[in-house]
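Residue-level structural notes
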Amino acid sequence: MAGIRIESLAKRYNAVSAVDGVTLDVRDGEFLVLLGPSGCGKTTTLRMIAGFVAPSEGCVRIGARDVTHEPPYRRNIGLVFQNYALFPHLTVEENVAFGLRRRRVGEAAIRTRVATALSRVKLDGFGGRYPRAMSGGQQQRVAIARAIVIEPDVLLLDEPLSNLDAQLRHDVRGELRRLQTELGITTIMVTHDQDEAMSVADRLAVMEKGQVRQVGTPSEIYRRPADRFVASFVGRANFYAGRAERGIFVTASGLRLPVADLAEGADTLMIRPEAVGLRPAGADGLAATVETATYLGAGWELELRLAGGERLSVVAPDAGEHWRQGQILTAHVAPTAGVGMRTGS
Amino acid sequence: MSAATTEQRRFATLLAPATVIVVAGLVLPLLLMARYSLNRFEPGQFMVEALTFGNYVKIISDPYYRRIAVTTVTMAFTATAICLVVGFPVASAIARAPARWKTALLLLVILPLFVGNAVRAAGWMVALGQKGLLNWILLRLGIVSEPAAFMYTWGAVCAGIVSVNLPYVVLTLQSVLEGTEKSAVDAAQSLGATPFTTWRLVTLPLAMPGVVAAGLLSFILAMNAYATPVLLGGPTFQMMAPSVADQVLQQSNWPLGAALAFTLTAITLILTATVSFTLARTHAGA
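Within any chain, residue numbers begin from 1 and follow the written order of that chain's sequence. To read the labels, note that chains go from A and ligands from 1, taken in the order they are written. In keeping with the predicted nature of the model, local features appear solely for residues at pLDDT of at least 70, side-chain atom pairs appear and are counted solely at 80 or more, and the whole-chain, interface and lining totals rest on all residues. Side-chain numbers here rest on the full set of heavy atoms in the structure, without hydrogens or water.

**Quick word on the interface of chain B and chain A**
Contact residues are listed per partner, giving 21 residues for chain B and 21 residues for chain A. Accessible area that two parts lose when put together, evaluated with a 1.4 Å probe and summed over both, is termed the buried area. Regarding the contact of chain B and chain A, the summed buried area is about 1800 Å², with carbon and sulfur atoms giving 67% of it. We count a salt bridge whenever a side-chain nitrogen from Lys or Arg sits within 4 Å of a carboxyl oxygen from Asp or Glu. Here chain B and chain A share 1 salt bridge between them. Secondary structure elements follow DSSP: runs of H or I of four or more residues count as helices, runs of E of two or more count as strands, with numbering from the N terminus. Taken together, the elements giving at least two residues each to the side of chain B that touches chain A come down to α8 (182-190) and α9 (195-223) of chain B. If you tally residues by element for the side of chain B that touches chain A, the top one is α8(B), at 7 residues. Only heavy atoms matter for contacts: two residues are in contact if any of them lie within 4.5 Å across the pair.

**Notes on the pairing of strand β3 (residues 31-35) of chain A**
Consecutive side chains of a regular strand alternate in pointing toward one face of the sheet and then the other. Residue and element names in this part refer to chain A. Counted residue by residue, β3 has 5 buried out of 5 residues, so it is predominantly covered. Exposure categories follow from relative accessible area, calculated using a 1.4 Å probe and restricted to protein chains: below 20% of the type maximum is buried, above 50% is exposed, and the middle band is partly exposed. In β3, alternate side chains face the same way, and those of Phe 31, Val 33 and Leu 35 on one face and Leu 32 and Leu 34 on the other are all buried. Taken together, the 5 bridges between β3 and strand β8 (residues 186-191) define a ladder with parallel strand orientation. Paired with Leu 32 across the two strands is Ile 188, which belongs to β8. Strands pair, by our definition, only if DSSP identifies at least two bridges between them.

**Describing the packing of helix α2 (residues 54-61) of chain B against helix α12 (residues 254-282) of chain B**
All names here are of chain B. Only the stretch in contact is used when a helix axis is fitted, and all axes are lines through C-alpha atoms; the angle between N-to-C directions ranges over 0 to 180 degrees. Contact geometry for α2 and α12: axes closest at 9 Å, N-to-C directions at 65 degrees. At the point where α2 passes α12, the crossing takes the right-handed sense. Mapping the contact onto sequence places Asn 55, Tyr 56, Lys 58 and Ile 59 in α2 and Pro 255, Leu 256, Ala 259, Leu 260, Phe 262 and Thr 263 in α12. Three categories are distinguished: nonpolar for Ala, Val, Leu, Ile, Met, Phe, Trp, Tyr, Cys and Pro, charged for Asp, Glu, Lys and Arg, and polar for the others, with Gly belonging to the last. For the contact of α2 with α12, a count of residues per class yields 7 nonpolar, 2 polar and 1 charged. By convention, the crossing between two helices is left-handed when the near helix turns anticlockwise from the far helix through less than a right angle, and right-handed when the turn is clockwise.

**Regarding the UniProt feature "transmembrane region" (unreviewed entry) in chain B**
Residues and elements named next belong to chain B. Using the residue numbers shown here, the UniProt feature "transmembrane region" (unreviewed entry) corresponds to residues 12-34, 68-91, 103-129, 149-173, 206-227 and 256-280. Helix makes up 86% of residues 206-227 and strand makes up 0%, while its end C-alpha atoms are separated by 35 Å. Taken end to end, residues 256-280 has its terminal C-alpha atoms 36 Å apart, with 100% of it in helix and 0% in strand. UniProt positions are given in the numbering used here, feature names are shortened, and annotations may be inferred rather than shown by experiment.

**Some remarks on the sheet that holds strand β13 (residues 256-258) of chain A**
Residues and elements named next belong to chain A. Within the open sheet, the 5 strands sit side by side as β13-β12-β11-β14-β20. Their pairing is antiparallel. Either end of the sheet is taken by a strand with one partner, and the two such strands are β13 and β20 (338-341). For this sheet the average axis-to-axis angle between neighbouring strands, irrespective of direction, equals 40 degrees.

**A closer look at the packing of aromatic side chains**
Aromatic rings from Phe, Tyr and Trp, with only the six-membered ring used for Trp, were paired whenever their centres fell within 6.5 Å, and each pair was classed as stacked if the ring planes differed by under 30 degrees, edge-to-face if by over 60, and tilted otherwise. According to the stated counting rule, one finds 9 aromatic pairs over all chains in the structure shown. Plain terms: the ring middles of B:Phe53 and B:Tyr56 are 6.3 Å apart, the flat faces sit at 50 degrees to each other, and that makes the pair tilted. Each residue in the set B:Phe88, B:Phe196 and B:Trp199 is aromatic and connected to the rest through ring pairs, giving one cluster. The cationic tip of A:Arg228 hangs over the ring face of A:Phe239; the distance from NZ or CZ to the ring centre is 4.2 Å. In our convention, an over-ring charge means Lys NZ or Arg CZ found within 6 Å of a ring centre and within 35 degrees of that ring's normal.

**Focus: the nonpolar core**
Grouped together as the largest cluster of nonpolar side chains are 86 residues, with contacts concentrated most on A:Val33, A:Phe87, A:Val96, A:Leu156 and A:Ile188. Examining the composition of this core, we find that 6 residues originate from one element, helix α4 (residues 136-148) of chain A, more than from any other. If we ignore the near neighbours within four places in the chain, the residues touching A:Leu156 are A:Leu46, A:Ile49, A:Ala50, A:Ile77, A:Gly78, A:Leu79, A:Val80 and A:Ile188. Among buried residues, those of type Ala, Val, Leu, Ile, Met, Phe, Trp, Tyr and Cys that are joined through side-chain atoms within 4.5 Å constitute a nonpolar core. By size, the runner-up hydrophobic cluster in this structure holds 48 residues, among which are B:Val73, B:Ala225, B:Leu256 and B:Leu264.

**Considerations on the confidence of the model for chain B**
Residues and elements named next belong to chain B. Confidence per residue, as judged by the predictor, is encoded in pLDDT with a range of 0 to 100. On average, residues of chain B score 90 in pLDDT, and 97% of them reach the 70 mark or higher. Summarising per-element confidence for chain B, the mean pLDDT is lowest in strand β2 (residues 46-48) (83) and highest in helix α3 (residues 63-96) (95). The ipTM assigned to the predicted complex is 0.85, against a pTM of 0.83.

**Some remarks on the UniProt feature "domain: ABC transporter" (unreviewed entry) in chain A**
In the UniProt entry, the feature "domain: ABC transporter" (unreviewed entry) is given for residues 4-234 of chain A. Structurally, residues 4-234 of chain A is divided into 36% helix and 26% strand, and its ends, taken at the C-alpha atoms, are 25 Å apart.

**A look at the environment of B:Thr263**
Residues and elements named next belong to chain B. Among the secondary structure elements, Thr 263 is positioned in helix α12. Counting along the chain gives 122 residues from Thr 263 to Leu 141, while the straight-line C-alpha distance between them is 46 Å. Excluding anything up to four places from it in sequence, Thr 263 contacts Tyr 56, Ile 59 and Met 240. Here Ala 259 takes part through its backbone oxygen, which lies 2.6 Å from a polar atom of the side chain of Thr 263. Polar contact is defined as a pair of N or O atoms within 3.5 Å, subject to the rule that within protein one atom must be able to donate a hydrogen and the other to accept it, and that residues adjacent in sequence are counted only when both atoms are side-chain atoms.

**Quick word on the domain arrangement of chain A**
In many reports, interface size means the accessible area that the parts give up when they come together. Residues and elements named next belong to chain A. Domain borders in the structure are assigned automatically or taken from a domain database. The assigned domain composition of chain A is domain 1 (4-228) and domain 2 (236-341). Computed from C-alpha coordinates alone, the two centres of domain 1 and domain 2 are separated by 39 Å. With 8 residues of domain 1 in contact, the opposing surface of domain 2 contributes 9 residues. Both faces considered, domain 1 and domain 2 share a buried interface measuring about 710 Å² in area, 51% of it formed by carbon and sulfur atoms. Taken as a group, Tyr 222, Arg 224 and Arg 228 account for 73% of the area that domain 1 buries against domain 2, more than any other trio of residues on that side. Counting the contacts that link domain 1 with domain 2 gives 0 salt bridges. The interface formed by domain 1 and domain 2 includes 2 residue pairs in polar contact (both at pLDDT 80 or more).

Spelled out as structure tokens, the structure:
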């Protein structure tokens, strides 16, 4: 087990930067997720850590070892791929034993370790099967067993759930998290799915255009996004242009909203739709008119128009009201609900 | 009911021309040849109507024909092995090449196919002759003091057959390697396998269907090679396809020529089937 430190890692293809100076510290035993849209450089970063892509600049350390110039087969990493990448000509047992054989582990030890790994992923008794005789979820669990059985220093997961259907994705991701905690293995996972990222990560690193925009716990990222890109990538958000005035954010139309922890120089205010409270007309807050109201079962999705002409999207739990178009109400934005940010930061 | 009949009629119409050509051009001559192979050859009288396995017995028992058969099979195996060993790296390189180079590389492989076997063999004659390119180079470099004999040797024929078969082998292997999962190779390396171990344990086993297909194709082509052994092997070097032609055209011995032709076909079929079945069983898991 070991932490991972990557410093000013960059990869350029001709003039194009796929990864542009990424520095990350992954603590021993931590589960870090690289989250970002396709083409943001997260997979290239992972492949540089694995050793399949040579960095143009920077270095990769696993524990105390500088592995920047080590080939993948000397890095002692466990790798799980989106398409499972099992060896189709080998049985499940032989697949899982592959890494142990390369390490010249004795046959008796191989048998026990393979059996332990398979039972960890709940595939006892599947050892004699061929991958093609298994479902996608089972194949991915074999791939996980194959990666952890070698007791790697780090576990790297490249979109491991993307090929699975929704229910299975939910199950396998829970299993991944449980295994990772049990084994205490330092893990980096790449994904473009924010729900998936939030649900498994100790910390997230949100990437865009080859750079890390923000690193933090899921709730830090969600509640205190560093910029507009991060805010909208991890969830829905309302944005208002304006300026900060001693704890009050003044929008372009003159709306004054008290905001806790408002940095001087903030020019954008972000409000999550579910952070807005709905109250009867005349109550303390912002007067608003309902433009559209959509009932979703668990709650309501409302598009409001504020007095100053701004729009405000709100998601509210179903508390028995029946919101209608044209209805007048009050939107309550608590001082802790808004987050000030500087555009372009 | 009537729709089905129309459908059937259309089907028959589509198949008819090819069927006629195959029956007239392949099945009938083959049947005729099969009948000929059971006739007797009398010097002076040529073919005499008979029903005898004498020609086949002669081929099997006569050391002269046995040697021709052994030469042919050995040549086909050797040339195929060389094609596979030389062709595999080329095919992997093309399969891994960036998309924009792939077309150009494939074209380079296909290019030799534009030149017929006989023309290519003529080229080899120029290269390998007493005053040929190879001897000129060797003399210039001082490796030999007088021209070496390359023409009319086993090696010359083998080189010729390899050059004819190589494009087919490369193309067949490349199409299979193209379809194999790159991430399985990455997975093997992440698990600690060196590039060579990865190739031995993952790439090669996954490419086995392509190796078998390419090998069989090359083997069948080599077994039936005609122009190359005639032009590069000369009058003393004997392989089966030229000896069929020799019996029919030079000796006018149609019965023996026909029997030789069927022996050649039988050996090819039996060896091909044996290899296919054996490999299919070994790789039943894949």
